[in-house]
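The chain contents come next:
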Number of protein chains: 2
Amino acid sequence: MIGVIGGMGPLATADFLHKVIAATPAEDDEQHVPLLISNDPRIPRRPAAILQGGESPLPRLLEIRDRLIQAGATALVMPCNTAHHWHSDLQRGCTVPFPSLIDIACDAAAARTTESACIGLVATRATLAAGLFDAALAARGRRVLRPTDATLDTAMLPAIAHVKAGRLAQAGPLMAQAVQGLLDHGADLVVLACTEAPIALAAVPGDLQGQCVDSTLALAEATVRLWQQSAAGSALRGA
Amino acid sequence: MIGVIGGMGPLATADFLHKVIAATPAEDDEQHVPLLISNDPRIPRRPAAILQGGESPLPRLLEIRDRLIQAGATALVMPCNTAHHWHSDLQRGCTVPFPSLIDIACDAAAARTTESACIGLVATRATLAAGLFDAALAARGRRVLRPTDATLDTAMLPAIAHVKAGRLAQAGPLMAQAVQGLLDHGADLVVLACTEAPIALAAVPGDLQGQCVDSTLALAEATVRLWQQSAAGSALRGA
């Protein structure tokens, strides 16, 4: 059973669940990936912790991690990019596999581009300030294009806030504008490095999604593989 | 934190999560209902247990119930109508509130109709055979209209199976036909008493949903109220 540290935000967790289900080759209930999902949003705000020295979410995230493992999770995933600032802290002492969403999204971006391609980022200011994607993309030989402060303030962050409040119709056009801005400034591909971003983009017509890596979808596909591998491993051990 | 005994099927659990989020008045993550969701579909098939004396899902459901309570659930809900055949067994010895989806859906149907109104049922053959809705609707002074065997075999059950396999485009028209059939045969209102049914119906245009009680939505709204009451209770106890 895969444990999901979710609730950051709840709609992103629901979107992740949908994408895991859609990515699973299943004819009936039993063939789906068993998940134990903590959709508990009572986690200190990640942006405030990173940008303003606010209360750290780490103790709460550790508590949720351990609760999921104790309840039977044999691997963990966390569908929130910003929270990956604490991923190495969460991996330390973790008794089950816990792959990084950042690595998975960057692998997906690398697979779709060539050496030295320019990767645009749709992310929270906190994810950008923490530099979560810079080293990971550099390690894969890719250049990073960050949004301007103006794009962040007038399009990207308002779109994310609209999703968190369930206002998808308002979120969509702002997110589309943010993605288009990155493409206009030379991005060969855009990573939707915030799990609210694909929800916003899905709310507007057009084909911008085709020029993006959806980090939620990449994590969902990796989750299905993780389960298939562990199920195959169990079958082998049982044989 | 509300525990969710889900995975029957996974898409119905995702739909339930969406409906809880949409029913919550929230501006930001922290205001959402904390949920711990078992989306573990490894549960013996409910229809086979009821109709053919197959393996009972009860031991597995009890295990999931206790796992959720041990992990901190302060109340439980189960977004699957057929599994409510075992609801009283699950309530026995349960240390936290565990309202019945059947009662909640029948309350919603009663609130929208007058005495002796005729309520059509969209349900699995197992839910119908177990008579889950008959006594509950009779207790509310409502008459029950069951689907014919032909409707079950050619429209309702294939639509449910299509949803479980993710084929919503095929599920939609069949479910619409099943609902329309109940209305044509005199139903004043139709209860979508299978959590796959509203997913199918949402996949077709038209206003049939307006003539239905969505049991998933009714449970989602009850879940938000359950959380608000328990949160208010906690605040009072803390005062």
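Residues numbered from 1 in each chain as written. Chains lettered and ligands numbered in written order. Predicted model: local features only at pLDDT ≥ 70, side-chain atom pairs only at ≥ 80, totals over all residues. Heavy atoms only, no water.

K.L.:
Explain the overall build of chain A to me, please; I cannot follow it from the model alone.
P.N.:
Within chain A, the secondary structure is distributed over eleven helices and seven strands. For 239 residues, the compact-globule estimate of 2.2 N^0.38 gives 18 Å, and the C-alpha radius of gyration of chain A, at 17 Å, lies within 12% of that figure. If one aligns the C-alpha atoms of chain A with their principal axes, the spans along those axes are about 55 × 40 × 35 Å. When the 239 residues of chain A are sorted by exposure, 58% land in the buried category. Put simply, of all contacts in chain A between residues at least 6 apart along the chain, 69% involve residues at least 24 apart. When the accessible surface of chain A is split by element, carbon and sulfur atoms take 54% of a total near 9,100 Å². When the 18 basic and 22 acidic side-chain charges of chain A are each reduced to a single mean position, those positions are 6 Å apart. (Helix = DSSP H or I, 4+ residues; strand = E, 2+ residues; numbered from the N terminus. Rg over C-alpha atoms; globule rule 2.2 N^0.38 Å. Buried < 20%, exposed > 50% of the residue type's maximum accessible area, 1.4 Å probe, protein only. Contact = heavy atoms within 4.5 Å. Areas by Shrake-Rupley, 256 points an atom, 1.4 Å probe, with all protein chains shown as cover. Lys, Arg positive; Asp, Glu negative; His and termini not counted. Charge placed at Lys NZ, Arg CZ, Asp CG, Glu CD.)

K.L.:
What is the right way to read the relation of the copies chain A and chain B from this model?
P.N.:
The operation relating the pair of chain copies consists of a rotation about an axis and a translation along that axis. In the superposition of chain A on chain B (RMSD 0.0 Å, axial shift 0.0 Å), the rotation amounts to 180°. In short, the pair behaves as if placed about a two-fold rotation axis. Taking C-alpha positions as reference, the residue of chain A nearest the rotation axis is A:Ile37, located at 2.4 Å. When you check the interface residues of chain A against chain B, 100% turn up at the interface there too, and the contact is symmetric in its surfaces. (Least-squares fit on C-alpha atoms with pLDDT ≥ 70 in both.)

K.L.:
In this structure, what is going on with the pattern of salt bridges? I would like to understand it.
P.N.:
Once the charged atoms of two side chains with opposite charge are near each other, the side chains can pair. All names here are of chain A. Applying the stated rule across the entire model yields 38 salt bridges over all chains. The salt bridge partner of Asp-15 is Lys-19, with a shortest N-O separation of 2.9 Å. Of this pair, Asp-15 and Lys-19 both sit in helix H1 (residues 10-23), four residues apart, which is roughly one turn of the helix. By relative accessible area, which is 13% here, Asp-15 ends up buried. (Salt bridge = Lys/Arg side-chain N within 4 Å of Asp/Glu carboxyl O.)

K.L.:
I keep staring at the confidence of the model for chain A and nothing clicks. Help me out?
P.N.:
Parts of the model with low pLDDT should not have their predicted coordinates read in detail. When pLDDT is averaged along chain A, the result is 95; 97% of the residues meet or exceed 70. Predicted as a complex, the structure gets a pTM of 0.95 and an ipTM equal to 0.94. (pLDDT = per-residue confidence, 0-100.)

K.L.:
Help me understand the packing of helix H8 (residues 149-164) of chain B against helix H9 (residues 168-184) of chain B in this model?
P.N.:
Angle between the axes and distance between the axes: these two values describe a pair of packed helices. Residues and elements named next belong to chain B. Interaxial distance between H8 and H9 falls to 8 Å at its minimum, and their mutual angle equals 145°. Our pair here, H8 against H9, has a crossing hand that is left-handed. Taken together, the residues of H9 that come into contact with H8 (itself represented by Thr-151, Thr-154, Ala-155, Met-156, Pro-158, Ala-159, Ile-160, His-162 and Val-163) are Leu-168, Gln-170, Ala-171, Leu-174, Met-175, Gln-177, Ala-178 and Leu-182. A class-by-class count of the residues in the contact of H8 with H9 yields twelve nonpolar, five polar and no charged. (Axes fitted to C-alpha atoms, helices over the stretch in contact; angles between N-to-C directions. Left-handed = near helix turned anticlockwise from the far one by under 90°. Nonpolar A, V, L, I, M, F, W, Y, C, P; charged D, E, K, R; others polar.)

K.L.:
Explain the interface of chain A and chain B here, please?
P.N.:
How big an interface is tends to be expressed through the accessible area that disappears when the partners come together. On the side of chain B, 37 residues touch chain A, which itself brings 37 residues to the contact. Together, the buried faces of chain A and chain B total about 3,200 Å²; carbon and sulfur atoms form 55% of this surface. Taken together, the links from chain A to chain B amount to ten salt bridges. Seen at the junction of chain A and chain B, the total is 15 residue pairs in polar contact (both at pLDDT 80 or more). Put simply, the parts of the chain that give the side of chain A that touches chain B at least two residues each are H1, strand E2 (35-39) and helix H3 (58-70) of chain A. The leading source of residues in the side of chain A that touches chain B is H1(A), at seven residues. Here the side of chain A that touches chain B is composed, by residue class, of 19 nonpolar, seven polar and eleven charged. Pairing of E2(A) with strand E2 (residues 35-39) of chain B involves five bridges; the strand directions are antiparallel. Considered in E2(B), the bridge of A:Leu36 is made with B:Ser38. (Buried area = accessible area lost by both parts, 1.4 Å probe. Polar contact = N/O pair within 3.5 Å; in protein donor to acceptor, adjacent residues only side chain to side chain. Pairing = 2+ DSSP bridges.)

K.L.:
So what exactly am I meant to see when it comes to the nonpolar core here?
P.N.:
Core analysis: the largest hydrophobic core is formed by 134 residues, its most contacted members being A:Phe133 and B:Phe133. In this view, A:Phe133 contacts A:Asn81, A:Ile102, A:Ala105, A:Cys106, A:Leu121, A:Thr127, A:Val144, A:Val191 and A:Ala193; residues no more than four positions away in its chain are not counted. Listed in part, the 47 residues of the second largest apolar core include A:Ile43, A:Ala49, B:Ile5 and B:Leu90. (Core = buried A, V, L, I, M, F, W, Y, C linked by side-chain atoms within 4.5 Å.)

K.L.:
When you look at H1(A) in this model, what are you seeing that I'm missing?
P.N.:
In an α-helix, one turn spans 3.6 residues; hence positions three or four apart end up facing the same way. Residues and elements named next belong to chain A. For H1, which comprises 14 residues, the first-to-last C-alpha distance of 20 Å matches the rise-based estimate of 20 Å (1.5 Å per residue) to within 8%. When you tally the buried positions in H1, you get eleven out of 14 residues, the bulk of the element. Of the residues making up H1, those classed as buried are Pro-10, Leu-11, Ala-12, Thr-13, Ala-14, Asp-15, Phe-16, Leu-17, Lys-19, Val-20 and Ile-21. (Expected span 1.5 Å × (residues − 1).)

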